[in-house]
Amino acid sequence: MKRVVFKSRWVPVLAALPQLFLIFLFFYWPAVSVLNWAFTLEPAFGGAGARLFVGWENFQAVFSDSQYWNSVRVSVTFAVLSTVITMGLALVLALAVDRQLKGSKIFRFFYIWPYALAGPAVGTAFLFILSPERGLMAMVNAAHPDFWNPAKYNSHAMILIVTCFVWKWIGYCFIFMLAGLQSIPRSLTEAAAMDGSGPLRRALDIQIPLLSPTLFLLLILIATESFVGKDTYGIVDRTTYGGPNNATNLMVFNIVSKAFEGLDYSGAAAQSLIVISLIMVFTFIQFRFIERRVHYR
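The sections below set out a description of the structure shown in this document. (Residues numbered from 1 in each chain as written. Predicted model: local features only at pLDDT ≥ 70, side-chain atom pairs only at ≥ 80, totals over all residues. Heavy atoms only, no water.)

A tally of helices and strands in the protein chain yields 13 helices and 2 strands. Dimensions along the principal axes, computed over C-alpha positions, put the protein chain at roughly 75 × 75 × 35 Å. Across the 297 residues in the protein chain, those meeting the buried criterion constitute 40%. Summed over all atoms, the accessible surface of the protein chain reaches about 18,000 Å², with 69% contributed by carbon and sulfur. The protein chain carries 23 positive and 15 negative side-chain charges, and their two centres are separated by 13 Å. (Helix = DSSP H or I, 4+ residues; strand = E, 2+ residues; numbered from the N terminus. Buried < 20%, exposed > 50% of the residue type's maximum accessible area, 1.4 Å probe, protein only. Areas by Shrake-Rupley, 256 points an atom, 1.4 Å probe, with all protein chains shown as cover. Lys, Arg positive; Asp, Glu negative; His and termini not counted. Charge placed at Lys NZ, Arg CZ, Asp CG, Glu CD.)

So, in structure tokens, the structure goes:
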């Protein structure tokens, strides 16, 4: 095969320069700025002249804030519910489509559509779909007054944002799981079927263990997205706005609110570093303990 060789060393450098500039502008520069702000007292209206180094005081203020600890608890609850439900439903759908049941090709086409929508759009849609004053839930409330009201009840608000997240990300998980299932040799499942194993037994004993690398990857991706994803923030911002009574004030939403509404850039930067540290710890735990159960073939 003929190799392509650049005649000048500057050609590949110039080709990569725009991408390197974007990475520096939107990743490294903000990361360094957050690291700097976390240990200084940033003026609310900008200006480096009034910046004051305060050491660990921003972190001490964060750890002594009861609202912050509430956001941690709410975020963990949301992450666990969202990850488990999203991956569970996506696995059921992928197993059903992989069996090539009647109409599976049509459903496969529609399952992946929600992922194309942005988080704020999903939140806005479900804000109307599950509105207690209009539509289906209004009829339920008419029969059973105050049966559903996310603006009033904490559990209803949590159900609302979890539903939005699951509907948004279930298609993403479905694509990966279906691809993983289709890579499993058909001879294994056919042999198990000939031995008398039913669909559930074949899934538990053959398909899911061989799918474990894909499940492990999705576990890390979905758990991370539920903590700090832009879609997570967009969903909360468009549906509950952290309420009622901070019941859906997730960590990512609390950081943005503190920075751009409370103008506490230093406190928000300190919270950002804490979130990054938590994600690193959770990822280490997943690789250290959960990966042991992964079967690489």
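Now that the structure has been shown, we can carry on.
Here R202 lies in helix α9 (residues 199–210). D98 provides the closest opposite charge to the buried, unpaired R202, separated from it by 8.5 Å. Ignoring sequence-local partners within four residues, the contact set of R202 consists of T189, A192, A193, S197 and Q207. (Salt bridge = Lys/Arg side-chain N within 4 Å of Asp/Glu carboxyl O. Contact = heavy atoms within 4.5 Å.)

Where helix α1 (residues 10–37) meets helix α13 (residues 265–289), the axes come as close as 8 Å, and the angle between the chain directions of the two elements is 110 degrees. On the basis of the axis angle, α1 is roughly perpendicular to α13. Handedness of the α1/α13 crossing: left-handed. Of α13, the residues touching α1 (which contributes V34, L35 and W37) are Y265, S266, A269, S272 and L273. A class-by-class count of the residues in the contact of α1 with α13 yields 6 nonpolar, 2 polar and no charged. (Axes fitted to C-alpha atoms, helices over the stretch in contact; angles between N-to-C directions. Parallel < 35°, antiparallel > 145°, perpendicular 65-115°, else oblique. Left-handed = near helix turned anticlockwise from the far one by under 90°. Nonpolar A, V, L, I, M, F, W, Y, C, P; charged D, E, K, R; others polar.)

Here we take up the side chain of H156. Secondary-structure assignment places H156 in helix α7 (residues 154–182). Discounting residues that sit within four places of it in the chain, H156 has contacts with F147, W148, N149 and P150.

Here we come to the environment of W37. Mapped onto the elements, W37 comes out in helix α1. For the pair W37 and F126, spaced 89 residues apart in sequence, the C-alpha to C-alpha distance is 36 Å. Setting aside chain neighbours within four positions, we find W37 in contact with E42, R51, N58, Y265, S266 and A269.

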